[in-house]
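# Structure at a glance
The primary structure of each chain is shown beneath.
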Amino acid sequence: MRSLRILLVEDERKVAKALQEGLEAESYSIAVAHSGEEGFFRVSSEPFDLAVLDIMLPGRSGIEMLSAARRQGIKIPVLLLTAKDTVEDRVLGLDAGADDYLVKPFAFPELCARIRALLRRGKGTPILNLEIGDLQVDLVTRIVTRGVRRLELTTKEFELLEYLLRHQGHVVSREMLAREVWKMSVRHTPLDNVIDVHMVRLRRKVDEGFSKKLIHTVRGVGFLMKAEK
Amino acid sequence: MIKHLRPQSVRTRLTLWYVAVLAGALLIYGASTAVLLIFQLRSQLDHRAVEDIETIKGLLSFSPDGKLLFRSNYQDRSYPTKMLDPLMEVLTENGTLLYRNELLGNRSLGGSLQPGEMSGAYLVRSILLSDGMRVRLLSKQYILEGRPTLIRLGFSEESLWQRSREVVIGLLAGLLPVLVFAGLGGYFLARRALGPIERMARRVRDINAERLSARLDVENRHDELGFLASTFNDTLGRLERSFDQLRRFTSDASHELRTPLTAIRSVGEVGLQKAGTAEDYREVIGSMLEESVRLTSLVDSLLTIARADAGQIKPQCTTITVLPFAREVVSLLEVLAEEKGQSLSIDGNDTVQVEADGAILRQVLTNLLDNAIKYSRTGGQIAVRIIVSADDKTVAIEVEDNGPGIPTPHRDKIFDRFYRVDEGRSREAGGNGLGLAIAKWGAEVHGGELELLCPTDSGCVFRLVLPKAGAINGRDPSVATTYA
């Protein structure tokens, strides 16, 4: 299978380079454009599976570029990066034809998760079971077992585990958890503490007494669910 | 081009407008006078013409061979309109000329027959003769000795036009000095009226960011200019206050931002100084990322405050039942209290409602509760109470802890931005010094208030007071509870 091609339009070269390297490590093939004009030229002349677009670009803004591309009938999913997060800005972006947006500064794992979600869009079939290593989660009966032991989880812990499992192999940031599991749109510190406490408890139930740990902390970034070889 | 010709000063523009309006009014007045005069003189002329035509009719007769006879001896009767010798033409019913007097010479008076001329009624119109002479023409058909005959009588209108021209010229001649006088007067008045504005402008020009304390002199508080000056002074006052606030806020914010930045920098520099293992580098990068997360949260809070200051956050109010709403926040933060072995209770009126923005109210309650948990000792007690005031107009949400309390000197400043009672400990606990400032703003934006009550030296109570939803409907003593 060929690797998926992503166009990254970002004028800040340092950020562009970091994102390019990070996304290439996720085995996407990345093309970088540093201005709206260049981005528009490439998106209208080459096939891409997705575009990541900064709003504040020199010359032609990301929004203008996006509207122009949409007018040309380019239908690929577009993820906007924006430094402003007022409601008007979001509406403007989504109206111009963006599929999703992310506010700077963002956590890199979140960018990856959004890209995966956009690429997956419309092709998903409902998942009824999740598993990793010897951990089994039945999403219908909500029964969680590890090996032969059955784990008793609270509702929050179950939701947390489900989210981690759906993103297994990828790092999940606290911001993603706050938004997706706790449904909080505002970022603030108390929630980070709350997430940490729940995570400690979940980890105690899932990993305590087992030699192979499934939940890992990535310092300064977030959490990772992965079965060690 | 026109734009460049536009006079720059209001004073000149006012004067020009004034003069133009006056000139316009006078011109309209003059023109209507002239028109009225013409109409009046014409109607006098018409009267005379009717008299004359009747006289002339009596002087006409036909000879037996059909020739028209005109007894012109009427001139001997010292006719009063002698000076207005009429022009005269007599025609048959099919337009053949029977008589034309010497005054007309070979000019035709009115040309061929006009429709209606042979109806027997008086017909009056103004015409131009072939040599350009303006003439008032009266015609009437008579039956003279059995033959229908048309008599046309014309009077020159030249003297009439002459008189109206004279009137107009007279008026115009008077117009110029009047306008000059009015212009001078207007200029003087405008200058007097605008003088104080110029003085104000000069004074305002000297006011800059460093001298915001200066104020304008108010000469008379009750006239328009006094109102302008005092409005301006109020604006200056607000500007001065917000400048002060901004200055303090900027310096505090820079200080706060510098702390995590310093950490990032020094951790990075030290990490690079010596070669380490991959694990060492991971440690260094992780630590830098943690600081950047703290930085992000600080910037988010600063943005919230900046937007609140700019009035950009408009609460999206809905009706919220307080107890279940607060219970939700409590259950969110419960785990934090559990970790510290604290008991967290909530009770109170379970039907009372407020009109509030859910997201803002949640943030306020979260901040208050988080503070209480953070600063209470392990095993302490935290209580949330929802109380309706005695007059049933407001709802108080109290968050009480039995922690160390807040020492008296700090109590006034506790809601200030970046103010901390114990700097080291607060930072340790992850606080950024903005939680209570944001909470206070959140209370005020709903028309409520946030206050700190410290009944004893141990523990404190933060009380959030919000207007009760539907409070206008009057009191309902059955649900009213008094709070201290």
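Residues numbered from 1 in each chain as written. Chains lettered and ligands numbered in written order. Predicted model: local features only at pLDDT ≥ 70, side-chain atom pairs only at ≥ 80, totals over all residues.

### Overview of the sheet that holds strand S9 (residues 149-151) of chain A
Residue and element names in this part refer to chain A. The sheet built from 4 strands is open, its strands ordered S6-S7-S8-S9 with antiparallel pairing. The sheet is open, and its two borders are formed by strand S6 (129-132) and S9, each paired with just one other strand. Looking at each pair of strands side by side, their axes are set apart by 20 degrees on average, direction ignored. Pairing of strand S8 (residues 143-146) with S9, which is carried by 3 bridges, proceeds in the antiparallel orientation. Residue pairing in the sheet places Arg146 in a bridge with Arg149 of S9. Relative to the sheet, helix H6 (residues 155-166) contacts S6, strand S7 (135-138) and S8, its axis offset from that of S6 by approximately 70 degrees. (Pairing = 2+ DSSP bridges. Helix = DSSP H or I, 4+ residues; strand = E, 2+ residues; numbered from the N terminus. Axes fitted to C-alpha atoms, helices over the stretch in contact; angles between N-to-C directions. Contact = placed C-beta atoms within 7 Å.)

### Some points on the sheet that holds strand S10 (residues 171-173) of chain A
Residue and element names in this part refer to chain A. If you walk across this open sheet you meet the 3 strands as S10-S12-S11, and the pairing is antiparallel. Only two strands of the sheet have a single partner each, and these edge strands are S10 and strand S11 (215-218). Between one strand axis and the next, the sheet turns through 35 degrees on average, direction left out of account. Looking at chain direction, S11 and strand S12 (residues 222-225) are connected through 4 bridges and run antiparallel. Each bridged residue has a counterpart across the sheet, and for Thr217 the counterpart in S12 is Phe223. Across the sheet, H6 touches S10, S11 and S12, and the angle it forms with S12 is around 70 degrees.

### Notes on the interface of chain B and chain A
Across the boundary between the two partners, chain B contributes 21 residues, which contact 13 residues of chain A. Broken down by secondary-structure element, the contributors of at least two residues to the side of chain B that touches chain A are helix H5 (278-309), helix H6 (322-339) and helix H7 (358-375) of chain B. Examining the composition of the side of chain B that touches chain A, we find that 10 residues originate from one element, H5(B), more than from any other. In terms of residue class, the side of chain B that touches chain A is made up of 9 nonpolar, 8 polar and 4 charged. (Nonpolar A, V, L, I, M, F, W, Y, C, P; charged D, E, K, R; others polar.)

### Topic: the nonpolar core
Looking at soluble globular proteins, one finds that nonpolar side chains tend to be buried together. By size, the foremost hydrophobic cluster in this structure holds 64 residues, and its most contacted members are Leu368(B), Val395(B), Ile397(B) and Leu464(B). When residues no more than four places from it in sequence are discounted, the contact partners of Leu368(B) are Val399(B), Ala439(B), Phe462(B) and Leu464(B). Core analysis: the next-biggest nonpolar cluster, separate from the first, contains 26 residues, Leu19(A), Ala51(A), Leu57(A) and Ala69(A) among them. (Core = buried A, V, L, I, M, F, W, Y, C linked by C-beta atoms within 7 Å. Buried ≥ 20, exposed ≤ 12 C-beta atoms within 10 Å, placed from the backbone.)

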